[in-house]
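# Descriptive analysis of the structure
Chain residues, written in single-letter form:
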Amino acid sequence: MKEKQSFEDDVKKLQKIVEELSGGKLTLGESLKKYEEGIKLAQGCSQTLEEAQRKVELLMKKDGHASLSKFEEGSGEKD
Amino acid sequence: MPLEDKHIYTVSQITQEIGVIFENTFGNGIWVEGEVSNFKSAASGHLYFSLKDNTAVLACAMFARANRELKFKLQDGIKVICFGRIDVYGPRGQYQLIVEKMEPKGIGARQLAFEQLKEKLFKEGLFDATHKRPLPFMPFRAGIVTSPAGAAIRDILGILEKGAPCVDVVISPARVQGEGAAQELAGAIEELNQFGEVDLIIISRGGGSTEDLWQFNEEVVARAVYNSKIPVISAVGHQINTSLCDLVADIFVETPTAAAKIIVDKKNSFLSQLAGLRYELDFSITDIISLLKNNITALRHTIKSPLDRLHEKAQLLDDLSLGLSHNMRQLINITRERACSLTHRLEALSPLAVLSRGYSLSMLMEDESIIKEAGKVKPGDKIKTVLASGALISSVEEVIKR
């Protein structure tokens, strides 16, 4: 969830940078700085999306408390 | 018994009495099933037909007000279930069923119950488009309400693993069919809401018959979906009928696979959006740099121009100074020539030259003034006479004036 929030923020930041940069009101130094920052954000966001480390968990309720346990795929009978 | 002791009804009276008996017995309405025959549709909009089975026939009328609600076309030969009351029609001495509701037989009461619940939930606003929540920015964690052993979860996990392996999955288990499944489904949705840390919920099961899917039409499921604070995708897996769960959900699709693909599509559209943004970044920075380059080139031109002018001036100066020295030399030559001729002339005018021809020059000794008139001299004055070579000093003896 934390990941999601920062992803959303990063994409919005990136969109803002693209706007600023295309606005053409920055000095060369500022532009290069923004460009570098933008490229970093774009790479970071793409990386987040292309990450392949998903977790599959089972939400169980025990004594009124929810807990997560690892889900073993392919177990159990067909319904 | 003599005739006068017997109670004798008029036809109208007995007809009225029969009507009262029917009213008392069937007044709350009755369900009757049978096959439609003798169907006639009157211009008034009223429908007249008979219901029959193997051994009996029942006359029926369905008035326009009631049959407006009819969801299927009535025709001879179909089996139906009718709800209505028995009425006596005096002018013909007939009783008949005044039909208020009619369902085709087979789907029957359950379908009726479904329609009634649907109507109720619709009126309550559970299907309102204004209540539909948008899907999250990017769902990085999906909650799945389904049987952990079913085909649906396998399909969803398969699609997500291939298409969006960045998405975590939390399964909130529930049976999807059989007695009590609806309560489990509703409970699983509520638990995901309590847990809170999922971006969306997919409620799903694999394909199945309408009967198998009935749990998704239960009110408790519909309300749990409606009350969910997290957006819900319904993927109940059949195409023939739309379930109440589908109607309440924010989005509904036909299969678990299609639900998972929504997430994959979302991820892919973000990736291409990011690629687009990167392209824009590159484009902008290239643009900025080439613009600056052009500016520098333009500036360089304006700087070069005075330098050129300076060179021009220098050249001019060179030309002028060359001309000047040439002119000076000429001037010097002319002057020198003139000086030479003047010297000659000067030499010609020199008194010494005259003296050499035998003339002499006399001056008073007193003031060395040259003597041009005799009157300026007195006898006794000493004078100096300059000759071509040497000089004489003499005293004046006599002055002869003319």
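Residues numbered from 1 in each chain as written. Chains lettered and ligands numbered in written order. Predicted model: local features only at pLDDT ≥ 70, side-chain atom pairs only at ≥ 80, totals over all residues. Heavy atoms only, no water.

## Details of the packing of helix α5 (residues 181–195) of chain B against helix α6 (residues 219–227) of chain B
Residues and elements named next belong to chain B. Defined as follows: Between the N-to-C directions of two axes lies an angle of 0 to 180 degrees, each axis being a line fitted to C-alpha atoms and, for a helix, fitted only over the stretch in contact. Helix and strand assignments follow DSSP, with helices taken as H or I runs no shorter than four residues and strands as E runs no shorter than two, numbered in order from the N terminus. In this scheme, roughly parallel covers angles under 35 degrees and roughly antiparallel covers those over 145, while 65 to 115 is roughly perpendicular and the rest are oblique. Any pair of residues with heavy atoms lying within 4.5 Å of one another is described as a contacting pair. Residues are grouped as follows: Ala, Val, Leu, Ile, Met, Phe, Trp, Tyr, Cys and Pro are nonpolar; Asp, Glu, Lys and Arg are charged; all remaining types, including Gly, are polar.
In the contact formed by α5 and α6, the axes pass within 8 Å of each other and the chain directions differ by 10°. As far as their axial angle goes, α6 and α5 are roughly parallel. Seen from α5, the contacting residues are A182, Q183, L185, A186, I189 and E190; seen from α6, they are V220, V221, A224 and V225. Here the contact of α5 with α6 is built from residues that sort into 8 nonpolar, 1 polar and 1 charged.

## Re the sheet that holds strand β7 (residues 168–173) of chain B
Note the threshold: In this scheme, strands are said to pair when DSSP sees at least two bridges between them.
Strand order in the open sheet made by the 7 strands is β2(A)-β1(A)-β7(B)-β6(B)-β8(B)-β9(B)-β10(B), with mixed pairing throughout. Each having just a single partner strand, β2 (65–70) of chain A together with β10 (251–253) of chain B make up the two edges of the open sheet. Direction aside, neighbouring strands of the sheet carry axes that sit 25° apart on average. Two elements, strand β1 (residues 56–62) of chain A and β7 of chain B, share 3 bridges in a ladder whose sense is parallel. Across the sheet, the residue bridging to E57 of chain A is V170 of chain B, located in β7 of chain B. Here helix α4 (residues 151–163) of chain B sits on the sheet and contacts β1 of chain A together with β6 (141–146), β7 and β8 (200–204) of chain B; the angle it forms with β6 of chain B, its principal contact strand, is near 160°.

## Some points on the interface of chain A and chain B
Rules: Computed with a 1.4 Å rolling probe, the buried area is the accessible surface lost when two parts are put together, summed over both parts. Just to be clear on terms, a salt bridge is a Lys or Arg side-chain nitrogen sitting within 4 Å of an Asp or Glu carboxyl oxygen. Under the rule applied, a polar contact is a pair of N or O atoms within 3.5 Å (in protein, one hydrogen donor and one hydrogen acceptor; residues adjacent in sequence only if both atoms are side-chain atoms).
Contact residues are listed per partner, giving 45 residues for chain A and 46 residues for chain B. Roughly 4100 Å² is buried in total at the junction of chain A and chain B, and carbon and sulfur atoms are behind 69% of that figure. One salt bridge connects R141 of chain B with E57 of chain A, and the closest N-O pair in it is separated by 3.2 Å. Where chain A meets chain B, there are 10 residue pairs in polar contact (both at pLDDT 80 or more). In terms of residue count, the dominant contributor to the side of chain A that touches chain B is helix α2 (residues 28–50) of chain A (13 residues). Here the residues of the side of chain A that touches chain B sort into 21 nonpolar, 10 polar and 14 charged.

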